[in-house]
Amino acid sequence: MSSRHWQDAVAHIPRLAVIAHDLVMVWSAWQVLHLARYAILDDPPALPLFGWTTACVVLLQGLVFWWVGLYKGVWRFASVTDLGNIFRACFLGVAAIVLALAFNRLAGVPLSVLAFYPIVLAAFLGMPRLLYRAWSDYRSIRNDGAMRRVLILGAGDTAANLIRDLRRSGQYEPIGLLDDAAHLKGAKLLGLSVLGTLDDVPEVARETAAKLLVIAIPSLDAAGLQRVVGLCESAGLPYRVAPSVDDVLAGRGMALKEVSLEDLLGRQPVQPDWALIRHWLGQRSVLVTGAGGSIGSELCRQCARHGVSRLVLVEISELLLSTVETELRRSFPGVELVAVLGDCGDPAVMRHALGLASVDAVFHAAAYKHVPVLEAQLREAVRNNVLASQTVAEAAVAAGVRQFVLISTDKAVNPINALGASKRAAEMVCQALDRQQSRTRFVTVRFGNVLGSAGSVVPLFKQQIAAGGPVTVTDPQVTRYFMTIPEACLLILQAVSSSTKGAVYTLDMGQPVPIVKLAEQMIRLAGRVPGRDIQIVFSGLRPGEKLHETLYYADEHNTPTAHPKVLETNVRGFAHEPMQQALTQMREACRQYDLVRLASLLELLVPDYRCTAVPADRSPAERKVLPFAAREVQRKP
């Protein structure tokens, strides 16, 4: 029988056998103590192996064992806590024995026996448990050449828990520790020695023939983690991160995980006001446009997770709609789902979707967002990002929706591309509707890039790294703001749950990240060395791209809200009637596919924007627009 089968067999020994073992130990301790007490006499009395006093001791002690829960533990995982229970049970047992035998004035029971009884009994009970635990651990770490030798970076509580888990797994053999704390040099943790500092990773890994490095230092910030990852890479070994307590409590599992891009970029976990979000979402009916996209699908998950009763999913892609609907039905069976396939820019689709359910809130996440693509597709940028937003917003007002949320972007600030200009125009549409009627409350939320979203730079870099490079970065100086998709969606819900009418919110994106640094980190995460294994080449800024993004206009003022990562931005004023005229002309220009006219109209709506995709020397006749100046649209009413 193999060691694994033997352990499984022993682990399933009936609990009655364990109880019998402990009662035998009680009897043995009682007999041994009497023999030791009378051994000093020249003519010791004969001791009966079993009498009424011994029976009373065994019975009382057994009842105490059961009462303190001694048989809830498992020998395979015997620990200090179990030893504490044993000592408590032994001392409570001797107290019960004294009380039971007091009526006979403890006749025939030496006081020395009672004094040493709990200590001897604890040793008799504890030693077999600890020996079995040590034997099990020893059998687990006998690798027969198949188990991976693990060098652990860190020597704290996380490392101690990791050592226990690795030994129990039967797949890994922890061989040593490294830690920068000077006082730990040469110390031992659960039998493993601290062999040096973190800077010694390459040398110690080579000397110990380590096959895997595990980082067990949850207190590391982004800079510290980058340093440790660099040391692991210099050792030329695969590396993993031990799960933190937050990972375990959040249900992200207890297995070793790879270092994530989010870890290296230093994004701090978002702590929303859960009570406020759940109170706002509780039992509401919510409609999400672009429900199958990266932001839309995560909004659906978060809404379902935090208490909505009904979700209406509007999506133009049948594959994405089917995928998100299937996932939501599997993960949240208690939430009613209504799936609508269609273009949210079609008024009939929106009337139909809003008519299927009494919708309380609309999250408008559908949009085109790829900067270089939209530079060459101005009509679609205007049609989908501006006019479709107007259609969805007006349909929400007509249906009496209480709250409308526009998902915007930092590129709407000082826009130089079609994406930013079209999203800024969509913001203006919502602000105008917010002032024209009082029932629907319009809220705009701006944020920057999200890691891993469709069309973002992260999937592109992954493809280039998998192909062996090179990784293309537009410019060595270019920077962008980043946050994770779940983080962005949680902050959207946080902003909306405490929003005021017509508010524009900007999410705190942290510090801008150099794209070249992002590329280097992704190459390292793939186990390669930037510049040696994978080259980074600079291709130049693409049409419509900035070196650096800004989160708000110079004349906008951000004020703090109840959440430190959500800022409220004052709304820029503009004249509504000229804007409505421009929107009407935009629809006509879209029907005629008149790019020159669309460019002129978009420039009128957003004076900061200058279209480069169509000729700049457009005559008034070519523009075919109403003769009002850009400043008239942007002036405060």
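Residues numbered from 1 in each chain as written. Predicted model: local features only at pLDDT ≥ 70, side-chain atom pairs only at ≥ 80, totals over all residues. Heavy atoms only, no water.

S.K.: Quick question: what am I supposed to make of the overall build of the protein chain here?
M.R.: Looking only at helices and strands, the protein chain has 24 helices and 21 strands in total. Buried residues in the protein chain amount to 50% of all 637 residues. Taking all contacts inside the protein chain whose residues are at least 6 apart in sequence as the whole, residues at least 24 apart take part in 76%. Only carbon and sulfur atoms are counted for the fraction: they give 58% of the accessible area of the protein chain, which is about 29,600 Å². (Helix = DSSP H or I, 4+ residues; strand = E, 2+ residues; numbered from the N terminus. Buried < 20%, exposed > 50% of the residue type's maximum accessible area, 1.4 Å probe, protein only. Contact = heavy atoms within 4.5 Å. Areas by Shrake-Rupley, 256 points an atom, 1.4 Å probe, with all protein chains shown as cover.)

S.K.: For this particular structure, what's the right way to read the UniProt feature "transmembrane region" (unreviewed entry) in the protein chain?
M.R.: As recorded in UniProt, the feature "transmembrane region" (unreviewed entry) lies at residues 12-30, 50-71, 83-103 and 109-132. Measuring from the first to the last C-alpha atom of residues 109-132 gives 33 Å, for a span that is 92% helix and 0% strand. (UniProt positions renumbered as here; feature names shortened; annotations may be inferred.)

S.K.: Whenever I open this one, the sheet that holds strand β4 (residues 192-196) confuses me. Can you help?
M.R.: Backbone hydrogen bonds are what pair the strands of a sheet, in a parallel or an antiparallel way. Taking strand neighbours across the sheet as the criterion, the six strands line up as β3-β4-β2-β1-β5-β6 in an open arrangement whose pairing is mixed. What marks the edges here is a single partner per strand, and that holds for β3 (188-189) and β6 (239-241). Pairing of strand β1 (residues 148-153) with strand β5 (residues 212-215) involves four bridges; the strand directions are parallel. Bridged to valine 150 within β5 is leucine 212. (Pairing = 2+ DSSP bridges.)

S.K.: Looking at this structure, how should I read the environment of threonine 500?
M.R.: You can see threonine 500 is positioned in the loop between α19 (485-497) and β17 (504-507). Counting along the chain gives 59 residues from threonine 500 to arginine 441, while the straight-line C-alpha distance between them is 7.9 Å.

S.K.: Just to check I follow, could you spell out a nonpolar patch on the surface for this structure?
M.R.: A grouping of Phe87, Phe91, Phe116 and Ile119 is seen on the molecular surface, where their side chains present a nonpolar patch of about 410 Å² in accessible area. Mapped by element, the contributors of at least two residues to the nonpolar patch are α4 (80-101) and α5 (111-141). Along the chain, phenylalanine 87 turns up in helix α4. Exposure remark for phenylalanine 87: the relative accessible area of 40% places this residue in the partly exposed category. (Patch = residues over 30% accessible without salt bridge, like charges linked within 9 Å, V, L, I, M, F, W, Y side chains within 5 Å. Salt bridge = Lys/Arg side-chain N within 4 Å of Asp/Glu carboxyl O.)

S.K.: Even after reading the chapter, I still don't get the side chain of glutamine 390, so can you show me in this structure?
M.R.: Looking at the secondary structure, you find glutamine 390 in helix α16 (residues 378-398). If we skip the residues at most four places from it in the chain, glutamine 390 touches Val429, Gln580, Leu583 and Arg587.

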